Amino acid sequence: GGLAGYNATVNAFSTANGIISGSFVSGGSVSGTSSVGGLVGSNQGDIGNSFVIGSGISGGTTSVASAVGGLVGSNNGGIINTYASGGSVSGRNNVGGLAGTNDFLGSISFSYANVGSVTGISNVGGVVGNSYQGTVANTYWNTALTGGNLTNGIGYDFLVNGPTGVGAAGLSAAGLKTMLNFSGWDIANTGGAVATWRIYEGFTMPLLTSFLRPLEVTVAGSRVYNGTTDVASLATYSVAPDATLLGTPVANTASSNVSVTPYVVTSSGLFSTQFGYDISYIAGSITITPAPLTVVANSQNKVLGTPDPLLTYMTYGLMLNDSAATIFSGQLLREVGDTIGTYSINQGNLTLLSSNYTMTYVAGTFRILAPTVVQEITQMSLQSAPAEDAATTSEEEEKKKSAELLAEAAIVDDSGQPLSDPLPVCR
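Residues numbered from 1 in each chain as written. Predicted model: local features only at pLDDT ≥ 70, side-chain atom pairs only at ≥ 80, totals over all residues. Heavy atoms only, no water.

S.K.: What's the story with the sheet that holds strand E39 (residues 341-346) in this structure? I'm lost.
M.R.: Across a sheet, paired strands are connected by hydrogen bonds in the backbone, their directions being either parallel or antiparallel. Taking strand neighbours across the sheet as the criterion, the four strands line up as E35-E42-E39-E38 in an open arrangement whose pairing is mixed. Either end of the sheet is taken by a strand with one partner, and the two such strands are strand E35 (300-303) and strand E38 (333-334). Relative to strand E42 (residues 364-369), E39 runs antiparallel, the two being bridged by five bridges. Across the sheet, residue Tyr343 finds its bridge partner in E42, namely Phe366. (Pairing = 2+ DSSP bridges. Helix = DSSP H or I, 4+ residues; strand = E, 2+ residues; numbered from the N terminus.)

Next up, the structure:
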C-alpha cells in the first residue's frame, strides 16, 4: 500500500484493531501482484477519515494478480469516511475503485470512488471488485469511470451470485457534486459546520473537513456608483489565501443605486481543493457613494439678427445605460443680451434627477457676431456668377474673385482703412 502494506488486529486474541485515521496518499504509484491498494494493501483494522488522490495503482496482469483497489487492496476490516480520486486502478481479477475485495468481516460506508479508470478482466466494480459477504452502504462511484467490464458498483457479490449496485450506487460527476445525493452523511455545504465532510455545491465532490483550514470571506466597505451591483472587489479574507483557493468571489448589492441605508451583502462563488479551505461567508455592510458627473456647455455663435441656436452640452462620467435624457430635466440658458458681444451659457433650469451623481457644471461662451465684409463680398461674387456655374464655383475661384473686387474697389474696413489682403471666404 501507499501508506501501509498491512493493517490488522494486534493479535488473534485481541479485539483491538490497527487504526489508520487522518491519513492520505497523493500522487505516485503503487504496484504488486496481490492485495495492492493506494493507502493500504491488506486491511483487517479500521480506516477512517483518509483518502488517496492521483495515484496509479497496479496489480499487473498475471493470473495471480488479484485484489487491487484505489484505497485498499483487500478489506476484512472497517472503512468509513474515505475516498479515492484521480489516478487509475488496474489489475486482472477483483479490481475496484475503492477496494479490490471486501470479505465477510469487511464493511465500507460513507465513502466514494472517483478514480480516473478502473480496469480488469473479471470482477471489476466502481467501488468493490469482489464482495464475499462483506457490507457496503452509503457509498458511491463516478459512472464516468472507464474500464473493461465496469458496469456496477460491486463487480461480484457472493450473496447475490453476481454484480450489484446495492450500497454502492453510481452517480454522474455532477451528481457527486450535489449535496442532496449524500443523505445520511455527516456533510455540510457551509463553512464552520464542524461536519465530517464539506461539499462546495456544484464545484467539488465531498472533501474531508479535517484537512481544511478555516477561511472567512467578508465583503464590506464603500465604492463609487458605477451602474452595476457587483461589489466583489471589496472582498477581504481572514487570512491571505494561497493557490488552493479556487473560483471567483461573487457579491452583489440588491440594487446598483446609491442608497441612504447601506446594503447588507454576503458573497459566494469560491471553493477549494482538499488541501485548502473550509470557507465561511460573513455578511458585510456596503455603501455606494455618488459618482462625479461633469456637464460642459458647448460654446455657440450666431450672427446679429438671427435666431439663437439650440444650446447643447456634453456629459462626462455617465455610467453604462444611464443617459442624459433619463437623468436630466430642463435646459441651459444664456446670459440675456442681443447686441454684438460675448455672453455666458449658464446652467439655467437644467436639473439633475438622479442621486447616483454629483454634478459639476462648466459654463460655455455665446457670441453674437456682426455681419462681416467678407460675407458681403461673397454674396456679390455669387450674384455675378452665371447661374449654371454658381453651384460648381470652387473655393479657390471665390478667393480669386474676392481679390479682384478688392483691387477694383476701395473697400474699407469698419475703421475706414482700405483692405489690402483678401479675407477668408464665408460660404
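S.K.: Before we go on, may I ask you to explain the layout of surface pockets in this structure?
M.R.: It is the rolling of a water-molecule-sized probe over the atoms that shows where space remains empty. The calculated volume of the largest pocket comes to roughly 200 Å³. The set of elements that each furnish at least two residues to the lining of the largest pocket consists of strand E11 (78-85), strand E15 (107-114) and strand E31 (268-272). Taken together, the residues of the lining of the largest pocket sort by class into eight nonpolar, six polar and one charged. In this structure, the second largest pocket encloses a volume near 150 Å³. Contributing to the lining of the second largest pocket are 13 residues, with Asn189, Arg198, Tyr200, Leu270 and Tyr281 lying nearest its centre. Taken together, the residues that form the lining of the second largest pocket break down as six nonpolar, five polar and two charged. (1 Å grid on protein atoms, 1.4 Å probe; cavity = no way out; pocket = protein on both sides within 12 Å on 5 of 7 lines; lining within 4 Å. Points joined across faces, edges and corners; volume = space filled by probe spheres on them. Nonpolar A, V, L, I, M, F, W, Y, C, P; charged D, E, K, R; others polar.)

S.K.: Just to check I follow, could you spell out the pattern of salt bridges for this structure?
M.R.: Pairs may arise between side chains of opposite charge once their charged atoms sit close together. Under the criterion given, the structure shown has five salt bridges. Between Arg213 and Asp242 there is a salt bridge, and its shortest N-O distance comes to 3.1 Å. Of this pair, Arg213 sits in strand E26 (residues 213-219) while Asp242 sits in the loop between strand E28 (235-237) and strand E29 (245-250), and the two are 29 residues apart along the sequence. The class of Arg213 is partly exposed, set by a relative accessible area of 35%. Under the relative-accessibility criterion, Asp242 is labelled partly exposed at 33%. (Salt bridge = Lys/Arg side-chain N within 4 Å of Asp/Glu carboxyl O. Buried < 20%, exposed > 50% of the residue type's maximum accessible area, 1.4 Å probe, protein only.)

S.K.: What is the right way to read the pairing of strand E9 (residues 66-69) from this model?
M.R.: Two faces make up the sheet, and in a regular strand the side chains alternate between them. Here three bridges tie strand E5 (residues 34-37) to E9, and the two strands are oriented parallel to one another. Looking at E9, one finds that Gly37 is bridged to Gly69. Here E9 pairs with strand E13 (residues 93-96) via three bridges, running parallel. Counted as the bridge partner of Gly69 is Gly96 from E13.

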